[in-house]
Amino acid sequence: MYMAAALAAVSCGTTTKVAENIRRTVTPTSAQADSILAALTSPEGAYRTCVLGENEDSRIYGFIPSRDSAQVKVVSLVPVKGEWTLNSLVAYPDGDENGFSFQKFEEDTVGVIEMAGVKYLTYSAIRQRDNQVQKSVNIFRPDQDNFQQLYFTGKRLPDGKLEGSSNETLAQGLENPQMRWAVAKLHSDSELVFISEADIMTDQAIEWWISKNPNALTGTSRITFGKIDAGSSLVEGYQKAKKENLDSYRAATFNIRGYTVVVSCRKSDGSYSLVWAEPVCKNKSTDRYLSSIYQASGNTLSMFYYKGKTTFKNNLSLANGSLQKR
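Predicted model, so just to flag it, every value in this text is computed and none were measured.

1. Quick word on the overall build of the protein chain
Along its length, the protein chain carries four helices and 23 strands. Computed over C-alpha atoms, the radius of gyration of the protein chain comes to 27 Å, more than 25% over the 20 Å expected from 2.2 N^0.38 for 326 residues, which places it beyond the range of a compact globule. Here the C-alpha coordinates of the protein chain stretch approximately 90 × 35 × 30 Å along the principal axes. Burial statistics for the protein chain: of 326 residues in total, 44% are counted as buried. Sequence separation of at least 24 residues holds for 47% of the intrachain contacts in the protein chain that already meet a minimum separation of 6.

As structure tokens, then:
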């Protein structure tokens, strides 16, 4: 997202000397730039530097992300009378404020890119919150002190890839070359698996249902249903599936996003609810799997199961959520 204004500024426009035995006529190496930044700012945690310009015109930029808040400090160091000095230290918003903690920089992603005659500094970083991972592409324009960002948020899959979506539909300035570059870079990342907003809503609905019904497969006698947004792929799945007709509801069972679900639709107002969810059966010869659903009576739905060579059924009231295991 385009960030036009800094949240905070420290020592902006002032200079602070750094003791460093590097001749000012020589462009500093990456290691020397790191040493200079560390000597001046004593950064906590991870940081990266980038050198812009050459020889006596070189300037060092440093990126110091906050570990516990969505901010990054951008530091610039310039030569004054033969000594490195702190020119500015500004904190910018760096992602959303939804509890994502900085984990690390992506390897070999800090550098300089030039587009339409303008030089930009860029880096990629990873933040995490519980089982959610956020990968960002960050772009800083030194001559205008503008910081822009695009990020992807998702879950880690068993194969190591991340499945989720980016904030590009909400980002500003996507018509600009640097943001088009950021979009292309994000979509070229082979680790990222982009899914639709409809599937994201489905994942969220299933996660919510499981959190409210942790004992659904073991010992509970009542189920809490979850309302389903009309844009969720659960609704599309319901519409394509075979329906079971009850007095006040229709219901359908189908597999989606790794789960076997039962979705109901209230006849009176057309509202949808997620009434059941369990992992898709991986072995029908030995494990339980939901074979079919049918009306037991009134608004009570029977869920008929096989487990190996045995059968059983659960009766679930779509009116009040009561569950009877038989």
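2. Concerning empty space enclosed by the protein
Scanning the model with the defined rule gives one cavity of 30 Å³ or more in all. Taken as a whole, the largest cavity spans an internal volume of roughly 30 Å³. If you go around the largest cavity, the residues you meet are Asp94, Ala125, Ile126, Arg127, Gln134, Ser136 and Gln149. Looking at the lining of the largest cavity, the elements that each hand over two or more residues are β10 (118–129) and β11 (132–141).

3. A few points about the sheet that holds strand β16 (residues 244–245)
Hydrogen bonds along the backbone pair up the strands of a sheet, which may run parallel or antiparallel. Across the sheet, five strands lie side by side as β15-β19-β18-β17-β16; this open sheet has antiparallel pairing. What marks the edges here is a single partner per strand, and that holds for β15 (226–227) and β16. Sheet analysis places strand β18 (residues 259–266) next to strand β19 (residues 272–279), joined by seven bridges and oriented antiparallel. Directly across from Val263, in β19, lies its bridge partner Leu274.

4. Points about the pairing of strand β5 (residues 59–65)
The buried fraction of β5 is high, at six of seven residues. Inspection of the sheet shows strand β4 (residues 48–52) paired to β5 by five bridges, in the antiparallel sense. When the sheet's bridge partners are listed, Thr49 is paired in β5 with Gly62. Joining the antiparallel neighbours β4 and β5 is a turn of six residues, in which Gly53 adopts a positive phi near 90 degrees. Taken together, the six bridges between β5 and strand β6 (residues 71–80) define a ladder with antiparallel strand orientation. Bridging across to β6, Gly62 finds its partner in Val75. Between β5 and β6, which follow one another and run antiparallel, lie five residues.

5. Focus: the sheet that holds strand β23 (residues 323–325)
Strand order across the open sheet formed by four strands is β20-β21-β22-β23, with antiparallel pairing between neighbours. The open sheet has two edge strands with one neighbour each: β20 (288–297) and β23. Each adjacent strand pair in this sheet contributes to an overall mean axis angle of 20 degrees, direction not counted. Bridge count between β20 and strand β21 (residues 300–307): eight bridges; the pairing is antiparallel. Among the inter-strand pairings, Gln295 is bridged to a residue of β21, identified as Leu301.

6. Considerations on the packing of aromatic side chains
Using the criterion set out here, one finds 14 aromatic pairs in the structure. Note on Tyr305 and Phe312: the rings are 4.8 Å apart at their centroids and 5 degrees apart in plane angle, and the pair reads as stacked. Look at Tyr305 and you get buried, because its relative accessible area is 0%. Positioned above the aromatic ring of Tyr289 is the side chain of Lys284, whose terminal nitrogen or guanidinium carbon lies 4.9 Å from the ring centre. Lying across the ring of Tyr305, Arg288 places its NZ or CZ 4.3 Å from the centre.

7. Section: the side chain of Ser302
Inspection of the secondary structure assignment puts Ser302 in strand β21. Here the side chain of Ser302 touches Asn315 through a polar contact of 2.3 Å, side chain to side chain. Once residues within four sequence positions are removed from consideration, Ser302 is found in contact with Ser292, Ile293, Tyr294, Ala296, Lys313, Asn314 and Asn315.

8. Section: helix α2 (residues 177–187)
The set of residues buried in α2 consists of Gln178, Met179, Ala182, Val183 and Leu186. Along the long axis of α2, the arc covered by the buried residues comes to 145 degrees, so they all point the same way. Looking at the packing, one finds that the buried side of α2 touches β9 (111–115), β10, β11, β12 (146–156), β13 (162–166) and β14 (192–194).

9. Details of the layout of surface pockets
Approximately 1,000 Å³ is the volume found for the largest pocket. Around the largest pocket sit 33 residues that line it, and Gln132, Thr153, Gly154, Gly164 and Ile200 are the ones nearest its centre. The set of elements that each furnish at least two residues to the lining of the largest pocket consists of β12, β13 and α3 (197–212). No other element matches the six residues that α3 contributes to the lining of the largest pocket. Its residues assigned to classes, the lining of the largest pocket shows eleven nonpolar, eleven polar and eleven charged. In this structure, the second largest pocket spans a volume of roughly 300 Å³. Lining the second largest pocket are 16 residues, and of these Glu44, Ile64, Pro65, Ser66 and Lys73 sit closest to its centre. Per element, the largest residue contribution to the lining of the second largest pocket is three residues, and it comes from β6. By residue class, the composition of the lining of the second largest pocket is eight nonpolar, five polar and three charged.

Rules used in this analysis
Residues numbered from 1 in each chain as written. Predicted model: local features only at pLDDT ≥ 70, side-chain atom pairs only at ≥ 80, totals over all residues. Heavy atoms only, no water. Helix = DSSP H or I, 4+ residues; strand = E, 2+ residues; numbered from the N terminus. Rg over C-alpha atoms; globule rule 2.2 N^0.38 Å. Buried < 20%, exposed > 50% of the residue type's maximum accessible area, 1.4 Å probe, protein only. Contact = heavy atoms within 4.5 Å. 1 Å grid on protein atoms, 1.4 Å probe; cavity = no way out; pocket = protein on both sides within 12 Å on 5 of 7 lines; lining within 4 Å. Points joined across faces, edges and corners; volume = space filled by probe spheres on them. Pairing = 2+ DSSP bridges. Axes fitted to C-alpha atoms, helices over the stretch in contact; angles between N-to-C directions. Phe/Tyr/Trp six-rings, centres within 6.5 Å; stacked < 30°, edge-to-face > 60°. Lys NZ or Arg CZ within 6 Å of the ring centre and 35° of its normal. Polar contact = N/O pair within 3.5 Å; in protein donor to acceptor, adjacent residues only side chain to side chain. Arc of directions from axis to C-beta. Nonpolar A, V, L, I, M, F, W, Y, C, P; charged D, E, K, R; others polar.

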